[in-house]
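Below are the chains, spelled out letter by letter.
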Amino acid sequence: MSMAPLRHLLVTGGAGFIGSAFVRQRLAAEPDLRITVLDKLTYAGSLENLAEITDSRRLAFIQGDICDRAAVDRAAKDVDAIVNFAAESHVDRSLLEAGEFVQTDVYGTHVLLEAARRYQHRRFLQVSTDEVYGHVASGRSAEADRLEPRSPYSATKAGAEMLVHAYRQSFAVPTLVTRGSNTYGPYQFPEKIISLFITNALQDLPLPIYGDGSAVRDYLYVDDHVDAIATVLNNGEPGSVYNVGAGAEVSGVTVADTVLEFCGKPASLKQFVKDRPGHDYRYALDVERIRPLGWESRVSFRDGMRLTVDWYKKHDAWWRRRKEADFWKYYRRNYQGLPSGAIPQ
Ligand code: NAD
Ligand code: DAU
């Protein structure tokens, strides 16, 4: 028997890249749905990402931290389900300073699970990542495979998953976990490879490719990712984990070449730089488990890249506001040894 529709969701991290895409898509797709967003508005989150939503009666926004039990209680008491996107999400930042990752990604998830337990929510969905499997030399990761995270970021995401599992086992919280692959599209903060490379190309700045650029990722267009999360939320089996990937294994060099092609910029902008420490060279997912729920990715890598480049070209002010002093401070620290022309003066 299928579940009665969820009417009111708490979406944590709903002002970030994927969370805001989820909010936009679900409010458009489900006319009776209400969403409350709880978001701390870190450097990665912004109300600008939700500004396209005009039906304000169905969207409430609370600025707050998922680690703050009182704020979570207020936001969670009237909802049917929590969808947890809130996290520190950038691997390179976790290699520079991991404390906030442990706090938000692990402790924050615990606070949300406590609320789901206390208010007897009908679903708790944890948005996790394919990075929890670690580097995959051959074959594809299935949901029952060992978790072998290798960066501080992926270790905190794996830690959060362990808590989700424990709350399912100990307290029968109706949990779900999605392990999505590398996601790209509009509104992505310009620090991840695709959004960084597009905006650097538009600024005629070098595209810093780690190592020899042979590391591959399974790039997933953001609309496909949020569609999968909604599918699992509404039709997934409580207690289960679902891989979400497009099957598009693309190297760093191919990302750079595709960006330069669609931006109409020269190959001379490619710049090979020092490799990421502990770089996972490959992730690859087996997505057989989610298929019977009726989900598959629809947007090919090249189509998604075209849409994304077009969006960044049209939203110049949005990304320029994010590439200001604090951003370049982080950039200098992360990409040490870049020539002077690689950073705007
Ligand atoms: P993002 O960094 O763009 O957004 C994160 C959001 O969480 C921001 O709005 C931020 O303000 C908010 N946030 C951070 N700390 C918070 C806290 N303590 N309390 C409340 N809000 C807080 O991240 P994203 O790329 O949209 O990723 C969203 C989720 O999806 C994350 O959990 C991430 O691990 C997961 N994920 C991301 C990808 C990807 O490729 N981007 C792929 C798979 C899974
Ligand atoms: O796979 C899911 C994960 O994808 C999510 O869980 C993370 O939140 C998200 O940030 C992303 O992590 P990655 O490490 O895969 O993404 P990133 O864009 O940082 O790097 C993708 C690849 O590109 C990786 O092989 C490193 C390389 N890279 C990255 C940057 C930022 C470069 O070559 N140069 C760069 O400047």
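Residues numbered from 1 in each chain as written. Chains lettered and ligands numbered in written order. Predicted model: local features only at pLDDT ≥ 70, side-chain atom pairs only at ≥ 80, totals over all residues. Heavy atoms only, no water.

### Focus: the domain arrangement of the protein
Quick reminder of the rule: Start and end positions for the domains come from either an automated domain assignment or a database one. By definition in these notes, contact holds between two residues if any of their heavy atoms fall within 4.5 Å. Once two parts are put together, the accessible area they lose, assessed with a 1.4 Å probe and summed over both, is termed the buried area.
In terms of domains, the protein is made up of domain 1 (8-184 + 220-244) and domain 2 (193-216 + 248-283 + 300-332). Of note, the centres of domain 1 and domain 2, computed from C-alpha atoms alone, are 25 Å apart. Contacts between the two partners involve 21 residues from domain 1 and, on the opposite side, 21 residues from domain 2. Between domain 1 and domain 2 lies a buried interface of about 1800 Å² when both sides are counted; carbon and sulfur atoms form 46% of it.

### What about the sheet that holds strand 4 (residues 81-84)?
Selection criterion: The criterion for strand pairing is that DSSP finds at least two bridges linking the strands in question. What counts as a helix is a DSSP run of H or I of at least four residues, what counts as a strand is a run of E of at least two, and both are numbered from the N terminus. For helices, the fitted axis covers only the stretch in contact; all axes are lines through C-alpha atoms, and the angles between them, taken along N-to-C directions, range from 0 to 180 degrees.
The strand order 3-2-1-4-5-6-11 describes an open sheet built from 7 strands, whose pairing is parallel. Each of the sheet's edge strands pairs with one partner strand only, and the pair in question is strand 3 (59-63) and strand 11 (240-244). Between one strand axis and the next, the sheet turns through 20 degrees on average, direction left out of account. Strand direction decides the pairing type here: strand 1 (residues 8-12) and strand 4, joined by 4 bridges, are parallel. Counted as the bridge partner of Val11 is Val83 from strand 4. Where helix 5 (residues 152-171) meets the sheet, its contacts fall on strand 5 (123-129) and strand 6 (175-180), and the angle it forms with strand 5 comes to roughly 155 degrees.

### Some thoughts on the pattern of salt bridges
Test applied: Between Lys or Arg on one side and Asp or Glu on the other, a salt bridge is scored when a side-chain nitrogen of the former is within 4 Å of a carboxyl oxygen of the latter. Think of it in three bands: with a 1.4 Å probe and only protein chains considered, a residue is buried below 20% of the maximum accessible area for its type, exposed above 50%, and partly exposed in between.
For the structure on display, the rule yields 22 salt bridges. Put simply, Glu48 and Arg321 hold a salt bridge, and the shortest N to O gap is 2.4 Å. Here Glu48, found in the loop between strand 2 (34-39) and strand 3, pairs with Arg321, found in helix 10 (residues 316-322); they are 273 residues apart in sequence, far enough to count as distant. Across the pair Arg140 and Glu249 runs a salt bridge whose closest N-O atoms are separated by 3.6 Å. With Arg140 in the loop between strand 5 and helix 5 and Glu249 in strand 12 (residues 249-251), the pair connects residues that are 109 residues apart, well separated along the chain. The exposure class of Arg140 is partly exposed, given its relative accessible area of 42%. You can call Glu249 partly exposed: its relative accessible area is 34%. Look at the salt bridges and you will find they share partners, linking Asp73, Glu114, Arg117 and Arg118 into a network.

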